[in-house]
Amino acid sequence: MLVYTAKKDVVFLLDGSDSTRNGFPAMQDFIEKVVEKLNVGENKDRVSVVQYSRDAEVHFYLNTYTKTKDIVNLVRGLRHRGGRPLNTGAALQFVSDTAFTNPAGSRRQQGVPQILILLNGGRSVDNVDTPASVLRQQGIIVIGIGTRSSDSGELQKISYDPSYTLSASEFTDLPSIQEKLSSLMSTGLVRVTPMTPTVTVERQPKGRDVVFLLDGSDGTRTGFPAIRNFLQRVLERLSVDDNKDRVSVVQYSRDPAVQFYLNTYATKVEILDVVRGLKHKGGRPLNTGAALHYVKDNVFTVSAGSRRLEGVPQVLILLSGGRSSDSVDAPASALKQLGVLTFAIGTKRSDSKELQKISHDANSALSVSDFTDLQRIQQQLQSSLEAVVIDILPESPTVLVYTAKKDVVFLLDGSDSTRNGFPAMQDFIEKVVEKLNVGENKDRVSVVQYSRDAEVHFYLNTYTKTKDIVDLVRGLRHRGGRPLNTGAALQFVSDTVFTNPAGSRRQQGVPQILILLNGGRSVDNVDTPASVLRQQGIIVIGIGTRSSDSGELQKISYDPSYTLSASEFTDLPSIQEKLASLMSTGLVRVTPMTPTVTVERQPKGRDVVFLLDGSDGTRTGFPAIRDFLQRVVERLSVDDNKDRVSVVQYSRDPAVQFYLNTYATKVEILDIVRGLKHKGGRPLNTGAALHYVKDNVFTVSAGSRRLEGVPQVLILLSGGRSSDSVDAPASALKQLGVLTFAIGTKRSDSKEMQKISHNANSALSVSDFTDLQRIQQQLQSSLEALVIDITTESPTVLVYTAKKDVVFLLDGSDSTRNGFPAMRDFIEKVVEKLNVGENKDRVSVVQYSTDAEVHFYLNTHIKTMDIVDLVRGLRHRGGRPLNTGAALQFVSDTVFTNPAGSRRQQGVPQILILLNGGRSVDNVDTPASVLRQQGIIVIGIGTRSSDIGELQKISYDPSYTLSASEFTDLPSIQEKLASLMSTRLVRVTPMTPTVTVSKNSSHR
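Residues numbered from 1 in each chain as written. Predicted model: local features only at pLDDT ≥ 70, side-chain atom pairs only at ≥ 80, totals over all residues. Heavy atoms only, no water.

Novice: Before we go on, may I ask you to explain the pattern of salt bridges in this structure?
Specialist: Two side chains of opposite charge can pair, provided their charged atoms sit close to one another. This structure, assessed with the given rule, holds 49 salt bridges. When the shortest N-O distance is used, the salt bridge between Arg-276 and Asp-273 registers 3.2 Å. Taken together, the positions of Arg-276 and Asp-273, both in helix H8 (residues 268–276) and three residues apart, correspond to about one turn of that helix. In this structure Asp-273 comes out as partly exposed when scored by relative accessible area, which is 45%. Put simply, Glu-354 and Arg-652 hold a salt bridge, and the shortest N to O gap is 3.9 Å. Residue Glu-354 is found in helix H11 (residues 352–358), and its partner Arg-652 is found in the loop between strand S25 (644–650) and strand S26 (654–658); the two are separated by 298 residues along the sequence. With relative accessibility at 6%, the residue Glu-354 sits in the buried group. (Salt bridge = Lys/Arg side-chain N within 4 Å of Asp/Glu carboxyl O. Helix = DSSP H or I, 4+ residues; strand = E, 2+ residues; numbered from the N terminus. Buried < 20%, exposed > 50% of the residue type's maximum accessible area, 1.4 Å probe, protein only.)

Written as structure tokens, this is what we have:
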């Protein structure tokens, strides 16, 4: 649907290869004219420019400049890049990953139209199909502009739609298409992405979106012509030409492959042509679960042509000729939650129970002896399809759905100021809970109370009966304390309660509701955590009193209309009905999770997870596995909370016996281990199990202390070869810093065991499980070598580093005006001592006062001379008050990121040098803690006007705080700074999987 858009994000992607050298000035003129017609501004149109040949580079991001004049000046000064070959595919992927992101200034998540204008002068050497498809799925409108040297077919593939492809004979003729481009840009295709569930729809005729998922594995080779013929017969009966029905075809074996999306073809003739030409994919094993998951995430989406949010029925027709190697349970359930009507058609070689699980009801699982017999069930399928047609009427901007079950978390302000009102809060919660339909597979409830910090009274999976919850709520004690840190509490529930281990069913699509009962203004900032909750799809209902800050509550709530108010807590019954109305509907949103965690100091220790093969093949050996576990656990130091233990058993699917934080004593753990029953089942999906423990067990909410530097150990006992691939999950565990010991038998695949284990010496082998005692000492010695001490003073190890990412954060407030030239000189001297280069040291400069701005990113300049020139030309920003906390948060979110050139994920040391000349008006504690957790080494440099205590809080360690009486005295600390920068603190964080191993007699 085309709508006029008041603001947009526009990225220009310029072919800077050797062949466009002569035409480059014409490109610059063209961009200048386009930009001059835009309404540039922070909250209006934003612009970014990227140039590419062999690889791509960003000239400036969407959030770098907010004035037309600055952009035009930059564009005029662009230099032609040169180089070959022309990798347009890689460049498209680059802008998707780097330019159309939050840190780079993209407002895609807020629903602002995203436009990519490609200026291209030749055929790409690499493939453009996948990245073009990714951009389309992300809702990015690509306008492809080429010359006679371009490949028009390739440009049409890249463009959002063939009509979005423009052409000029030469770049000098670009003015001839200016008007056409303006016309395309004055409208925006409103796209619903995972982050933007709001959509305005037009009246449409009746219709269905039909996706065919075809088994293309080795087992269907002979039957594939019959599948193809069946498809054609079904298609003949659909109404494609008048845009009622849309069709997509996906073929799969080990992996799925899209033949075409729901919005690829608009006529029946085109679709039938493609179907007639379908070639059998081949391959094994048959991963139906993965294929179902893939169509849910990649085909039943607005960007792939799905009209689900407009109420158009979503139909999946699966043709499968065998039993799946992976589990279909979760993806089948997720498709049902999404409202997809699945018809599962199998042969005598299929698993009939599996097909019934997949299909949306028992009558939708159909069976034939083999695929040549498909004609027999065609009429039955056709009748079912015709019964699901509905009228699509205009909808309200959001899709409201009644939800039969939900996860409800109450977050209670327990600060000193709510002491008198707390009993009224308890009564209110009790009444709300009594109206819920509580049960494990119905409504779930959790209660959290906070003041300075937060504590969980019980999780979503703690109680499954109304009576238990009500009893607990009645017995709650008021926490007390100050100040009131609502921001930190919101972050806490995001990281701790709305998670799998805590019982949240967010990933299954169950609505997540947070009810905040608040009695005062927060001391810390609520913006970021409120935004995180909104992005996660959590519906926050903010309830306040006359003592609350109504503006703050509206920021926190999912939408201003989700903010409720009572004069006092004793008046809460007056809003009960309004709350019930809000809770009876849910905004369905499924978004990825990005947890950040606050950790406390812990004693020495290790987190040890045992992953046991419980498949049919280990039935006789399981008692020996159990005995081995007992012997290993006996040697761990559990009782003093040094070592933590978890056990997971798996076959087709994994099952947690207990998490790292379930039991605190060795006696409890040994009791459970002795009583372990063999799980049974097949096939053996080791890859899925490794993926599961990574996502669900090595997490803070499941008891992992990884972010505190505690070694994470996985001990796998496997008695056979995996049916699924272990490559990606094994690699992900290594990236996470998990040390995996893989123990196999003669029936295991030794190469697979080596892939899984963290190094060659950690893959151990026995003839069978009764022989495990033989390798016990070897495993024990390896475990004992993994010990590190976790203390506040020395949480890390000092090592010399050959390259680093250095960010300067400069206080540009009114009070530093006189000292600013001395700051510039100081930075210049520091930079001149660095070894600047793309693969050496990288530098970024940010200046702040009330808010912060980036002068250049870590990946903007790769030469010392360029950086020094820019630093010399820096202008003092001015302004007040001084918000150092917000500036620290800004560099964490914006500069220490992949798109901005940070190499934190590759383990390159990250250094932030703060030059500060005064006390901050806002709070620095939380952002300083976040930087510390991310492993960023903050060196705080102040003057006598600074608050030394504040600088010490901000710095990585008090010894990393340096001081000069005035900025003109900065040269006196130059040597000390150089000394600090020549070392780096190694931290085991999600992004830095480096672990230091030392022979030691301590614990893990």
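Novice: Just to check I follow, could you spell out the side chain of Ser-446 for this structure?
Specialist: Considering the arrangement of structural elements, one finds Ser-446 in strand S18 (residues 444–450). Within the structure, Ser-446 has its side chain in polar contact with the backbone oxygen of Phe-458 (distance 2.7 Å). Excluding residues that lie within four positions of it along the chain, Ser-446 makes contacts with Val-408, Val-409, Phe-410, Val-456, Phe-458, Tyr-459, Leu-460 and Val-497. (Polar contact = N/O pair within 3.5 Å; in protein donor to acceptor, adjacent residues only side chain to side chain. Contact = heavy atoms within 4.5 Å.)

Novice: Which parts of the structure should I look at to understand the pairing of strand S12 (residues 314–320)?
Specialist: A regular strand carries its side chains on alternate faces of the sheet. For S12, a buried count of seven out of seven residues is recorded, marking the element as mostly surrounded by other parts of the structure. In this structure, S12 lies alongside strand S13 (residues 340–346), joined through seven bridges in parallel fashion. Counted as the bridge partner of Leu-318 is Ala-344 from S13. (Pairing = 2+ DSSP bridges.)

Novice: What is the right way to read the sheet that holds S18 from this model?
Specialist: Strand pairing within a sheet occurs via backbone hydrogen bonds; the two strands may be parallel or antiparallel. The strand order across the open sheet formed by six strands is S19-S18-S17-S20-S21-S22, and the pairing between neighbours is mixed. Each edge of the open sheet is held by one strand with a lone partner, namely strand S19 (454–458) and strand S22 (563–565). If you compare each strand with its neighbour and ignore which way they point, the axes differ by 20° on average. Pairing analysis gives four bridges linking S18 to S19, with the strands arranged antiparallel. Note on S19: the bridge partner recorded for Tyr-450 is Ala-454. With respect to the sheet, helix H13 (residues 422–435) is in contact with strand S17 (407–413), S18, strand S20 (512–518) and strand S21 (538–544), its orientation differing from that of S17 by roughly 175°. (Axes fitted to C-alpha atoms, helices over the stretch in contact; angles between N-to-C directions.)

Novice: Whenever I open this one, the packing of aromatic side chains confuses me. Can you help?
Specialist: The way to describe two aromatic rings as a pair is by their centre distance and the angle between their planes. Here the structure, examined in full by the defined rule, presents eight aromatic pairs. Seen from their ring centres, Phe-658 and Tyr-663 are 5.3 Å apart, and the 70° between their planes marks the pair as edge-to-face. (Phe/Tyr/Trp six-rings, centres within 6.5 Å; stacked < 30°, edge-to-face > 60°.)

Novice: Explain helix H7 (residues 224–236) here, please?
Specialist: Residues lying three or four places apart along an α-helix face the same way, a consequence of the helix completing one turn every 3.6 residues. The end-to-end C-alpha distance of H7, which contains 13 residues, comes to 19 Å, matching closely the 18 Å that a straight helix rising 1.5 Å per residue would cover. Burial in H7 covers these residues: Phe-224, Ala-226, Ile-227, Phe-230, Leu-231, Gln-232, Val-234 and Leu-235. (Expected span 1.5 Å × (residues − 1).)

Novice: Explain the packing of helix H1 (residues 24–36) against helix H2 (residues 68–76) here, please?
Specialist: Geometrically, a packed helix pair is captured by the angle between its two axes and the distance between the axes. With their axes 9 Å apart at the nearest point, H1 and H2 run at an angle of 175° to one another. Between H1 and H2, the crossing angle belongs to the class labelled roughly antiparallel. For the pair H1 and H2, contact is made by Gln-28, Ile-31, Glu-32, Val-35 and Glu-36 and by Thr-68, Ile-71, Val-72, Val-75 and Arg-76, respectively. When the residues that make up the contact of H1 with H2 are grouped by side-chain class, the tally is five nonpolar, two polar and three charged. (Parallel < 35°, antiparallel > 145°, perpendicular 65-115°, else oblique. Nonpolar A, V, L, I, M, F, W, Y, C, P; charged D, E, K, R; others polar.)

Novice: So what exactly am I meant to see when it comes to the packing of helix H27 (residues 884–894) against helix H28 (residues 925–933) here?
Specialist: Running from N to C, H27 and H28 cross one another at 30°; their axes reach a closest spacing of 8 Å. With respect to H28, the axis of H27 lies roughly parallel. Considering only the axes of H27 and H28, their crossing is left-handed. When H27 is examined against H28, the residues Gly-885, Leu-888, Gln-889 and Ser-892 are found in contact with a partner set consisting of Pro-927, Val-930 and Leu-931. (Left-handed = near helix turned anticlockwise from the far one by under 90°.)

Novice: Looking at this structure, I do not really get the sheet that holds strand S33 (residues 852–856). What am I missing?
Specialist: Strand order in the open sheet made by the six strands is S33-S32-S31-S34-S35-S36, with mixed pairing throughout. At either end of the open sheet lies a strand with only one pairing partner, and these are S33 and strand S36 (961–963). Strand-to-strand, the axes of this sheet are offset by a mean angle of 20°, without reference to chain direction. For strand S32 (residues 842–848) and S33, the ladder comprises four bridges, and the chain directions are antiparallel. When the bridges of S33 are listed, Tyr-848 appears paired with Ala-852. Against the sheet, helix H25 (residues 820–833) contacts strand S31 (805–811), S32, strand S34 (910–916) and strand S35 (936–942), and its axis sits at roughly 175° relative to S31. Helix H30 (residues 974–981) rests against S31, S34, S35 and S36 of the sheet, and its axis sits at about 175° to S35.

Novice: Help me understand the environment of Glu-577 in this model?
Specialist: Checked against the element boundaries, Glu-577 lands in helix H18 (residues 576–583). For Glu-577, a relative accessible area of 70% gives the class exposed. The spacing of Glu-577 and Val-432 is 145 residues in sequence and 9.8 Å in space, taken between C-alpha atoms.

Novice: What's the story with unusual backbone geometry in this structure? I'm lost.
Specialist: The phi angle of most residues is negative, glycine excepted, and most peptide bonds adopt the trans form. In the segment running from Arg-682 into Pro-683, the intervening peptide bond is cis, with an omega of 0°. Take Pro-683: it is sitting in the loop between helix H20 (666–674) and helix H21 (686–696). Of note, the bond from Arg-880 into Pro-881 is cis; its omega dihedral lies within 30 degrees of zero at 0°. Topologically, Pro-881 is positioned in the loop between helix H26 (864–872) and H27.

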